[in-house]
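What follows is each chain in one-letter form.
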Amino acid sequence: MKKLQQLCLAAAFTLGLTTATFAGEIATGGRTEPPPPPSAQASATTSGEISTAQDDADYENQLIEDISVALLRTLLSAF
């Protein structure tokens, strides 16, 4: 029973530390570069791809897979 408590505590601690990783970029108040000026060739109509529902489903599946692998690696590195 003591091993299970230690495992749960280690998992909670690891997940607590990794939330900052999944939070994204956090500004530190330093000098940031200004965004580039818009190009002269940009117009209201641009050519590009239109995503379909199949593309969105593939993206979601890939995202879930990437998060699962990252979480598994993080948990395994704790041991």
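Please refer to the structure higher up on the page.
Residues numbered from 1 in each chain as written. Predicted model: local features only at pLDDT ≥ 70, side-chain atom pairs only at ≥ 80, totals over all residues. Heavy atoms only, no water.

(A) How the structure looks around the overall build of the protein chain. What the protein chain contains, in helices and strands, is two helices and zero strands. Counting the 79 residues in the protein chain, one finds 3% classified as buried. Carbon and sulfur atoms make up 62% of the accessible area of the protein chain, which totals about 7600 Å². (Helix = DSSP H or I, 4+ residues; strand = E, 2+ residues; numbered from the N terminus. Buried < 20%, exposed > 50% of the residue type's maximum accessible area, 1.4 Å probe, protein only. Areas by Shrake-Rupley, 256 points an atom, 1.4 Å probe, with all protein chains shown as cover.)

(B) Broad picture of a nonpolar patch on the surface. A cluster of nonpolar residues, M1, L4 and L7, forms a patch on the protein surface that exposes about 350 Å² of accessible area. Looking at the secondary structure, you find M1 in the segment before helix 1 (2-23). Here M1 falls in the exposed class, since its relative accessible area comes to 75%. (Patch = residues over 30% accessible without salt bridge, like charges linked within 9 Å, V, L, I, M, F, W, Y side chains within 5 Å. Salt bridge = Lys/Arg side-chain N within 4 Å of Asp/Glu carboxyl O.)

(C) Structural view of the side chain of T14. Within the secondary structure, T14 is located in helix 1. The class of T14 is buried, set by a relative accessible area of 10%. Once residues within four sequence positions are removed from consideration, T14 is found in contact with T74, L75 and A78. (Contact = heavy atoms within 4.5 Å.)

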